[in-house]
Amino acid sequence: MNITKSELEAVAVRKNQYPEDNVKEIAFAGRSNVGKSSLLNLLVNRKNLARVSGSPGKTRTINFYRINDQFRIVDLPGYGYAKVSKSISEGWGDMMAQYLENRQGLTKVILLVDIRHAPSEQDIKMSEYIRHYGYNGIVVATKADKVSRNEMQKLLNVIRKDLGLLEDEIIIPVSTLKRTGYDKLLEEMDKLVAK
Ligand code: GTP
Ligand code: MG
């Protein structure tokens, strides 16, 4: 797949702010600072479509991006950001549940985890949550540039084991810095939207 057109279609905290549920959507989930917005920018080949930040908690809304006039990529707010107030983190759960329940067009929720670390308790919960709704199947291990080729397979195995991935579930190492791994992800996304 070649992404030639991308635009921010809606920014939402409530259901009535979502765009019409009439096209397929692929969502990105994962802890704050894991690299969701960076990955989106890499896929669409634009530096600043989604805001990227060194300080976690940048994306606090559900952002819907229209891709190739064909489908949407949905950048979900990150979790696990210690500094957000309790009311925001409670709001986060409601926001996620609202989106994940009854979204006809939703096709897959891709979970992003940092390749350097064993999945956190929250990553595992998120993974189970995604599985519960039937959107499991693809995990992206971000920041692959931070580890050596040698370590990579071992780290991917830890993530696979800790998240309890099934054999047919895939985990794709990606580096937005080195621009590696995203072709494989695009291939998988292509299959999802073509179905
Ligand atoms: P929230 O919006 O807070 O949920 O974070 P996010 O998941 O959208 O993360 P974001 O894309 O804003 O990236 C967070 C930080 O990680 C930024 O400083 C990025 O430059 C950095 N980063 C993202 N991807 C990579 C990568 O592949 N390699 C390296 N080295 N840094 C990365
Ligand atoms: Mg973000």
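Residues numbered from 1 in each chain as written. Chains lettered and ligands numbered in written order. Predicted model: local features only at pLDDT ≥ 70, side-chain atom pairs only at ≥ 80, totals over all residues. Heavy atoms only, no water.

## A closer look at the side chain of Ser127
- By the element assignment, Ser127 lies in helix H3 (residues 121–132).
- Here Ser127 is in contact with Leu111 and Leu163, once residues within four sequence places are set aside. (Helix = DSSP H or I, 4+ residues; strand = E, 2+ residues; numbered from the N terminus. Contact = heavy atoms within 4.5 Å.)

## A short note on the pattern of salt bridges
- What the rule picks out here adds up to 10 salt bridges.
- Note that Arg72 and Glu25 form a salt bridge whose closest N and O atoms lie 2.7 Å from each other. Here Arg72 is found in strand E4 (residues 71–75), whereas its partner Glu25 is found in strand E2 (residues 25–30), with 47 residues between them in sequence.
- The class of Glu25 is buried, set by a relative accessible area of 0%.
- The residue Glu188 makes a salt bridge to Lys184 at a minimum N-O spacing of 3.4 Å. Remark: Lys184 and Glu188 occur in helix H5 (residues 182–194); sequence separation between them is 4 residues, near one turn of the helix.
- Three or more residues are tied together by salt bridges with common partners; here these are Glu9, Asp21, Glu25, Arg66, Arg72 and Arg103. (Salt bridge = Lys/Arg side-chain N within 4 Å of Asp/Glu carboxyl O. Buried < 20%, exposed > 50% of the residue type's maximum accessible area, 1.4 Å probe, protein only.)

## Here we look at the nonpolar core
- Core analysis: the largest hydrophobic core is formed by 33 residues, its most contacted members being Ile62, Phe64, Leu76, Tyr99, Val109, Leu111 and Met126.
- Looking at this core, the elements with two or more residues in it are strand E1 (6–12), E2, strand E3 (62–67), helix H2 (86–100), strand E5 (106–114), H3, strand E6 (138–142) and helix H4 (149–162).
- In terms of residue count, the dominant contributor to this core is H2 (5 residues).
- When sequence neighbours within four positions are dropped, the list of residues in contact with Leu76 reads Ala27, Phe28, Ala29, Lys36, Thr61, Ile62, Met96, Tyr99 and Val109.
- In this structure, Ile26, Leu40, Tyr65 and Ile172 belong to the second largest nonpolar core, which totals 26 residues. (Core = buried A, V, L, I, M, F, W, Y, C linked by side-chain atoms within 4.5 Å.)

## Things to note about the packing of helix H1 (residues 36–44) against H5
- Remark: H1 packs on H5, axes separated minimally by 11 Å, with the N-to-C direction vectors making an angle of 80°. With respect to H5, the element H1 is oriented roughly perpendicular. Mapping the contact onto sequence places Leu39, Leu42 and Leu43 in H1 and Tyr182, Leu185, Leu186 and Met189 in H5. (Axes fitted to C-alpha atoms, helices over the stretch in contact; angles between N-to-C directions. Parallel < 35°, antiparallel > 145°, perpendicular 65-115°, else oblique.)

## Points about the packing of aromatic side chains
- The full count for this structure, using the stated rule, is 5 aromatic pairs.
- Plain terms: the ring middles of Phe64 and Tyr99 are 5.9 Å apart, the flat faces sit at 75° to each other, and that makes the pair edge-to-face. In this pair, Phe64 is assigned in strand E3 and Tyr99 in helix H2, connecting sequence segments 35 residues apart.
- With relative accessibility at 0%, the residue Phe64 sits in the buried group.
- What makes Tyr99 buried here is its relative accessible area of 0%.
- Relative to Tyr133, the ring of Tyr129 has its centre 5.3 Å away and its plane inclined at 85°; by these criteria the two rings are edge-to-face. (Phe/Tyr/Trp six-rings, centres within 6.5 Å; stacked < 30°, edge-to-face > 60°.)

## Quick notes on the side chain of Lys36
- Within the fold, Lys36 resides in helix H1.
- Here Gly30 takes part through its backbone oxygen, which lies 3.0 Å from a polar atom of the side chain of Lys36.
- Once residues within four sequence positions are removed from consideration, Lys36 is found in contact with Phe28, Ala29, Gly30, Arg31, Asp75, Leu76, Pro77, Gly78 and Leu112. (Polar contact = N/O pair within 3.5 Å; in protein donor to acceptor, adjacent residues only side chain to side chain.)

## Thoughts on the pairing of E5
- Most of E5 is tucked away: 8 of the 9 residues are buried.
- Strand direction decides the pairing type here: E2 and E5, joined by 6 bridges, are parallel. Paired with Ala27 across the two strands is Val109, which belongs to E5.
- Looking at chain direction, E5 and E6 are connected through 4 bridges and run parallel. By the bridge assignment, Leu112 is partnered in E6 with Val140.
- In terms of handedness, the path from E5 via H3 over to E6 forms a crossover that is right-handed. (Pairing = 2+ DSSP bridges. Right-handed = clockwise from strand over helix to strand, strands pointing away.)

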